Amino acid sequence: MTALELDRMEHLTRRYARHSQGAAGFGAVLGGLAFFFQGGLLFGYGLGYFLRNGCDCRTRGVWKYFLSNELTPPLLLQLLLISIPLVWWAVRFKLHRWATAAYGEVQQTRTGFRMRYARMDYLGSLAMGPALLLYFSFRKGLHGHPAAWTPFFLGAALALLAPLVAWTQRRSHSCEDLEAGQMLFLGSALTLNLGIGISVALMVPPFLVLATIYGVLGLWHHRQFRKVRAELAALPVPE
Amino acid sequence: MKPGDIKPGDIKPILELDRMVHEPARLAILTVLAAAEEVEFQFLQRITGLNKGNLSSHTQKLEATGYLATTKAFRGRIPVTSFRITKEGRKALEAYRKQLRKVAGG
């Protein structure tokens, strides 16, 4: 066994560990699609509401209309918003199993920086959701709007699931797709509360930006994973 | 360097090499494990090119020396064996590399 062969093995192991995480890029691609779907749903709902009911746009302007807080999501939209991150989570874990079925799972080396990052990510997601929801609820005076209580509590429950996703990251802390998952949960939690200070115009652009970022990132990971898998497949098969 | 050029003191660093690490299959196993946090049996077998029996035998020896730790779990109904290098294993691999550089560099 030469030093060159050992170096190659080491390099291949690191690359496999890096790119097989997050369902070989599919987790991030799926996250991107989910963001696109969330953004599309909101945009469609806002546009549909506008076309059906119209608005006093001569005095306010269309943009101000979409920035206003008049649009409260109907039940069907609420259910869809709740199901998007949950479906992403379930499918992502199935895809991860599928991606690592051929050559097994390899976890990346945990460095001090990565461990600190994972901890901060966990604490950040734990604090961010409830903090944002509380801010919006107090801003609009939730106590005066009993109809907004249900989406608020559903949103709070979803926001509390975001740190759970971060917790699963403690063992695979290079997964950008799990960060996408946390944002999906937080995004759904916020959009459920469209009526209490969160507008369509405020939510749709970030969703579309995130969809592009995670889509591109996931495809890059998948391409790298395929290269590593081809190199592994080219190795001599043991007897 | 001709065989006659080797002085009695020159062979000492070669004799000091850790035999547990020096064996090619075990060196490959430790090298792969040092590049990751935890590695499943399936991957280790594929990348080292060892058959199941040989791989099991070498990992058992390395585990007995305290150079690697084994975790056995179930994924659904499928048993999964994973390995991780211990601190001692990492130290031994590093020491072996230094020693080998010393031998090769003269």
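Residues numbered from 1 in each chain as written. Chains lettered and ligands numbered in written order. Predicted model: local features only at pLDDT ≥ 70, side-chain atom pairs only at ≥ 80, totals over all residues. Heavy atoms only, no water.

**Student:** Explain the nonpolar core to me, using residue names and the numbers behind them.
**Tutor:** Residues Leu-232 of chain A together with Phe-43 of chain B are the most contacted members of the largest nonpolar core, which totals 39 residues. Among the elements of the structure, helix H1 (3-24) and helix H9 (200-234) of chain A together with helix H3 (24-34), helix H4 (41-48), helix H5 (52-65), strand S3 (78-85) and helix H6 (87-105) of chain B are those that each provide at least two residues to this core. Sorting elements by how many residues they give to this core places H3 of chain B first, with 8 residues. Not counting chain neighbours up to four residues away, the residues in contact with Leu-232 of chain A comprise Leu-12, Tyr-16 and Tyr-103 of chain A together with Phe-43, Arg-46 and Ile-47 of chain B. (Core = buried A, V, L, I, M, F, W, Y, C linked by side-chain atoms within 4.5 Å. Buried < 20%, exposed > 50% of the residue type's maximum accessible area, 1.4 Å probe, protein only. Helix = DSSP H or I, 4+ residues; strand = E, 2+ residues; numbered from the N terminus. Contact = heavy atoms within 4.5 Å.)

**Student:** I'd like a rundown of the pattern of salt bridges, residues and numbers included.
**Tutor:** Applying the stated criterion to the full structure yields 7 salt bridges over all chains. When the shortest N-O distance is used, the salt bridge between Arg-75 of chain B and Glu-105 of chain A registers 3.6 Å. Taken together, the residues Arg-75 of chain B in strand S2 (residues 68-75) and Glu-105 of chain A in the loop between helix H5 (75-99) and strand S1 (106-107) connect one chain to another. Residue class for Arg-75 of chain B comes out partly exposed when judged on its relative accessible area of 25%. With relative accessibility at 18%, the residue Glu-105 of chain A sits in the buried group. Put simply, Arg-75 of chain B and Glu-40 of chain B hold a salt bridge, and the shortest N to O gap is 2.5 Å. Residue Arg-75 of chain B is located in strand S2, and its partner Glu-40 of chain B is located in strand S1 (residues 38-40); the two are separated by 35 residues in the primary sequence. Judged by its relative accessible area of 5%, Glu-40 of chain B falls in the buried class. (Salt bridge = Lys/Arg side-chain N within 4 Å of Asp/Glu carboxyl O.)

**Student:** Which residues make up the packing of aromatic side chains, and what are the values?
**Tutor:** Two descriptors summarise a pair of aromatic rings, namely the distance from one centre to the other and the angle between the planes of the rings. Residues and elements named next belong to chain B. Counted according to the given criterion, the structure contains 9 aromatic pairs over all chains. Their ring planes at 45 degrees and their centres at 6.1 Å tell us that Phe-41 and Phe-83 sit as a pair that is tilted. Of this pair, Phe-41 sits in helix H4 while Phe-83 is found in strand S3, placing the two residues 42 residues apart along the sequence. Judged on exposure class, the residue Phe-41 and its partner Phe-83 are both buried. (Phe/Tyr/Trp six-rings, centres within 6.5 Å; stacked < 30°, edge-to-face > 60°.)

**Student:** Tell me about the interface of chain A and chain B, and please be specific about residues and values.
**Tutor:** Contacts between chain A and chain B engage 28 residues on the former and 24 residues on the latter. The contact between chain A and chain B buries some 2300 Å² in all, and 58% of this surface belongs to carbon and sulfur atoms. Counting every contact that joins chain A to chain B gives 2 salt bridges. At the surface where chain A touches chain B, the tally comes to 11 residue pairs in polar contact (both at pLDDT 80 or more). Of all the secondary structure elements, the ones that give two or more residues to the side of chain A that touches chain B are H1, S1 and H9 of chain A. With 7 residues, H1 of chain A is the largest single contributor of residues to the side of chain A that touches chain B. Residue composition of the side of chain A that touches chain B, by class: 16 nonpolar, 5 polar and 7 charged. (Buried area = accessible area lost by both parts, 1.4 Å probe. Polar contact = N/O pair within 3.5 Å; in protein donor to acceptor, adjacent residues only side chain to side chain. Nonpolar A, V, L, I, M, F, W, Y, C, P; charged D, E, K, R; others polar.)

In short, the description is geometric, and any link to function would need to be established separately.
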